[in-house]
Amino acid sequence: MSMKVVPTAAVLGAEIAGVDLSRALDDPTFAAIERAYNEYGVIFFRGQSITPAQQVAFTRRFGEIEFNIFGERWSVQGNPEIVVLSNVTEGGRPTGVRRAGERWHSDMCYTARPPRGTVLYAIEVPELHGLSLGDTEFASAAAAWDALPDAMKRALEGRRAVFDFRGRKRALTPTQEEIDRNPPVRHPIVRTHPSTGRKCLYVMRDDCTGIEGMEPDEAEALIAALADHIVKPAFVYRHQWRPGDVLMWDNCTVQHRAIQDYDMPQRRLMHRTTMGGAVPA
Ligand code: SIN
């Protein structure tokens, strides 16, 4: 079966059919996948069965693996590149990060070089009465930019926001060492996607704690207004997971949040890999 790109009905996202990620991808197939990834912001492959090593190898095609604080606590044995996201406990101990990413965000935006993107492989998906739970929502920061009035676009161009690791309430409490390792950074509020040239809003609640050259009250109000604008229903795709889904998102084009509408005995288990990125411009 040859590869097919099937866009979702939303402003972002596409299913890639006809690809088996447990096999090595030839260069033309990989190039077509990368084009779809850049264009749609989120792509997903249904019905996959991959080993941790195959997930790492696939992720590496897009860039070097990025490590984050979750992986230092919960990774797959023998594969430190894979972070385990799970609500499952064994012997009373968590087996993975629970309640990861429940507020709208873009991964590791508090670093100087935020990751290009993230890959999630769904191994167990919670369900109740035959309905799946634990969806993930994605918002197009590119469509949100396009929809802004011209006067607002002009006012935002060239502005930079402060991103502070301490701003977001996390699934785990960071240590002082982790806080010291992640001092506040500044990024443009309007990013240009390095491959497509599309402009994307890069601002969110919690992580963004200020705007350069703006009074704190004014900055807080603008951050809230833009953050709310980005996640308007018109710009959102909601992914309903199935076991065997491999989904990847682009951290410049989209923001995301995990819906926490399940609890034990409904089990959720995902393997996450992250690929390194560039300084936002
Ligand atoms: C995340 O923000 O990486 C978590 C996404 C999810 O578990 O759906």
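Reading the values: rules and limits
- Residues numbered from 1 in each chain as written.
- Predicted model: local features only at pLDDT ≥ 70, side-chain atom pairs only at ≥ 80, totals over all residues.
- Heavy atoms only, no water.
- Near = heavy atom within 4 Å.
- Polar contact = N/O pair within 3.5 Å; in protein donor to acceptor, adjacent residues only side chain to side chain.
- Areas by Shrake-Rupley, 256 points an atom, 1.4 Å probe, with all protein chains shown as cover.
- Nonpolar A, V, L, I, M, F, W, Y, C, P; charged D, E, K, R; others polar.
- Core = buried A, V, L, I, M, F, W, Y, C linked by side-chain atoms within 4.5 Å.
- Buried < 20%, exposed > 50% of the residue type's maximum accessible area, 1.4 Å probe, protein only.
- Helix = DSSP H or I, 4+ residues; strand = E, 2+ residues; numbered from the N terminus.
- Contact = heavy atoms within 4.5 Å.
- Pairing = 2+ DSSP bridges.
- Phe/Tyr/Trp six-rings, centres within 6.5 Å; stacked < 30°, edge-to-face > 60°.
- Salt bridge = Lys/Arg side-chain N within 4 Å of Asp/Glu carboxyl O.

Right, let's talk about the site of the ligand for a bit. Close contacts around the ligand come from L85, A100, G101, H105, L120, T136, W249, H256, A258, R268 and R272, and that covers them all. For the ligand, an oxygen atom lies 3.0 Å from a polar atom in the side chain of H256. R268 places a polar side-chain atom, nitrogen or oxygen, 2.8 Å from an oxygen atom of the ligand. If the ligand stood free it would expose 260 Å²; the protein chains cover 99% of that surface. Classifying every residue of the shell around the ligand by side-chain character gives five nonpolar, four polar and two charged.

So, on to the nonpolar core. Counting 31 residues, the largest nonpolar core has L156, F163, I189, L201, I211, L226 and I230 as the members making the most contacts within it. Mapped by element, the contributors of at least two residues to this core are α4 (141-146), β12 (160-163), β15 (199-201), β16 (208-211) and α7 (216-230). Once residues within four sequence positions are removed from consideration, I230 is found in contact with A139, S140, A141, A144, L201, V203, F235 and Q255. Formed by 23 residues, the second largest nonpolar core is a distinct cluster that contains F44, Y110, L247 and V254.

Before going further, it helps to spend a moment on the pairing of strand β11 (residues 136-140). A regular strand places its side chains on the two faces of the sheet in alternate fashion. Summarising burial for β11: five of the five residues are buried, a large majority. Direction of pairing for β11 relative to strand β17 (residues 236-239): antiparallel, over a ladder of four bridges. By the bridge assignment, A139 is partnered in β17 with V236. Both β11 and strand β19 (residues 254-258) contribute to a ladder of five bridges, which runs antiparallel. The partner of F138 across the bridge, within β19, is H256.

Glancing now at the packing of aromatic side chains. Considering all chains together, one arrives at eight aromatic pairs under this definition. Centre to centre, the rings of Y37 and F62 are 5.4 Å apart; their planes meet at 70°, and the pair counts as edge-to-face. Residue Y37 is found in helix α1 (residues 27-40), and its partner F62 is found in the loop between α2 (52-60) and α3 (69-73); the two are separated by 25 residues along the sequence. Summarising the burial analysis for this pair, Y37 and F62 share the class buried.

Inspection of every chain in the model, using the stated rule, returns 20 salt bridges. R61 is paired through a salt bridge with D27; the nearest N and O atoms lie 3.1 Å apart. Taken together, the residues span a long stretch of sequence, with R61 in the loop between α2 and α3 and D27 in helix α1 at a distance of 34 residues. When the shortest N-O distance is used, the salt bridge between R98 and D263 registers 3.3 Å. A residue pair is termed long-range when its members are at least 10 positions apart, and R98 in the loop between β7 (93-94) and β8 (117-124) and D263 in the loop between β19 and β20 (269-275) qualify at 165 residues. Exposure remark for D263: the relative accessible area of 40% places this residue in the partly exposed category. Here the salt bridges do not stand alone but share partners, grouping D135, E137, R238 and R257 into one network.

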